[in-house]
Amino acid sequence: MQWLYCDFHIHTTWSDGEYSMDEVVDLYGETGFDVIAITDHVLDTQSIERAGRPISELSVMDSSQFGEYQEALWRAARRAWERYGMLLVPGVELTNNTTRYHILALDIKEYISPDLSVEQIIEAIRKQQGISVACHPYIRNHSGEDPSYHLWQNHERLASMFDAWEVANRDDLFNVVGLKKFNYIANSDFHEKRHLLSWKTLLRCEKNIESVKAAIRNNNQVSLFLYRGGKIRQ
Ligand code: ZN
Ligand code: ZN
């Protein structure tokens, strides 16, 4: 069985990404990736209120757009498979900038509010047979931001509750998470083209959604890969 080239954290123009869903599919498909997840932001209510601007100006989604977003994801997934043989996993980044945690929910069908607690979110994802991923859990040392402070503060308690932790995000390698032997994956947190050159995940499994989810949960045939350009496959 071959290793699949994967990236499970990608933003599009549905939130604060530069590229549309189709442009993302073309970029990753032409490069030769096997599996991608599109994970646009939904933002917690308090952060929206604090911003004091309409949701349309914040480059995030709210619950009313989720159905339409899911439909766009399914259309993009069909196109990705037909054109490139690339599996597109529908996802969302539950973004809580009030308590400060970002959680990827992969392959969920119903909306989950980022206002919920971390435990409630993980439970809601599990009920939908989705995958929960703790995003960029340690300090992002290139920017000094710390958007997932809460997850790291509580990492001992939350360690095995998540299906996986982002052991690398874009250029950063969080060896503190790796050393704890948590389940891990590595993602680009793609917003613009240069972010393609970043840490990625390799999984050894069949190229279908259930096998990919099982491979993340089991986390034994998983590897990190620093992509530096060029075609992965001809
Ligand atoms: Zn994030
Ligand atoms: Zn992100």
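Residues numbered from 1 in each chain as written. Chains lettered and ligands numbered in written order. Predicted model: local features only at pLDDT ≥ 70, side-chain atom pairs only at ≥ 80, totals over all residues. Heavy atoms only, no water.

Visitor: Mind laying out the overall build of the protein chain, listing which residues take part and the relevant values?
Guide: When you go through the protein chain residue by residue, the secondary structure sums to eight helices and ten strands. Against the compact-globule benchmark of 17 Å for 234 residues, the protein chain has a radius of gyration of 16 Å, which places it among compact chains. Viewed in the frame of its principal axes, the protein chain has a C-alpha envelope of about 50 × 40 × 35 Å. Counting every position in the protein chain, which comprises 234 residues, the buried fraction comes to 55%. (Helix = DSSP H or I, 4+ residues; strand = E, 2+ residues; numbered from the N terminus. Rg over C-alpha atoms; globule rule 2.2 N^0.38 Å. Buried < 20%, exposed > 50% of the residue type's maximum accessible area, 1.4 Å probe, protein only.)

Visitor: Hey, could you go over the coordination of the zinc ion (ligand 2) for me, with residue numbers and the actual values?
Guide: Distances from the zinc ion (ligand 2) to its protein donors, namely H9 (NE2), H11 (NE2), E93 (OE) and D189 (OD), fall within the range 2.1 to 2.3 Å. Seen from the zinc ion (ligand 2), its four donor atoms lie at angles of 81 to 167°, and the figure they make is irregular. Mapped onto the polypeptide sequence, the residues donating to the zinc ion (ligand 2) form the spacing pattern H-x1-H-x81-E-x95-D. Between the zinc ion (ligand 2) and the zinc ion (ligand 1), a spacing of 3.5 Å is present, and a bridge between the two is formed by E93. One end of the pair, E93, is in strand β3 (residues 87-96); the other, D189, is in the loop between β8 (184-187) and β9 (199-204), and 96 residues separate them in sequence. The exposure classification of E93 matches that of D189, with both residues buried. (Donors = N, O, S within 2.8 Å, 3.2 Å for Na, K, Ca; no water. Tetrahedral: all angles 85-135°; square planar, octahedral: opposite > 155°, others 65-115°.)

Visitor: How would you explain the state of the cysteines if you had to name every residue and give the values?
Guide: Per the counting criterion, the structure on display carries zero disulfides. Between C6, a cysteine without a disulfide, and C205, which holds the nearest cysteine sulfur, the sulfur-to-sulfur distance is 6.6 Å. A relative accessible area of 0% places C6 in the buried class. Here C205 falls in the buried class, since its relative accessible area comes to 8%. (Disulfide = S-S within 2.5 Å.)

Visitor: Tell me about empty space enclosed by the protein, residues and numbers included.
Guide: Summary: where empty space remains is shown by rolling a probe the size of a single water molecule over the atoms. Applying the stated criterion to the full structure yields one cavity of 30 Å³ or more. The calculated volume of the largest cavity comes to roughly 40 Å³. Every residue lining the largest cavity is listed: F8, V89, L106, D107, I131, I209, V212, K213 and I216. Top contributing element to the lining of the largest cavity by residue count: helix α8 (residues 209-218), with four residues. Here the lining of the largest cavity is built from residues that sort into seven nonpolar, no polar and two charged. (1 Å grid on protein atoms, 1.4 Å probe; cavity = no way out; pocket = protein on both sides within 12 Å on 5 of 7 lines; lining within 4 Å. Points joined across faces, edges and corners; volume = space filled by probe spheres on them. Nonpolar A, V, L, I, M, F, W, Y, C, P; charged D, E, K, R; others polar.)

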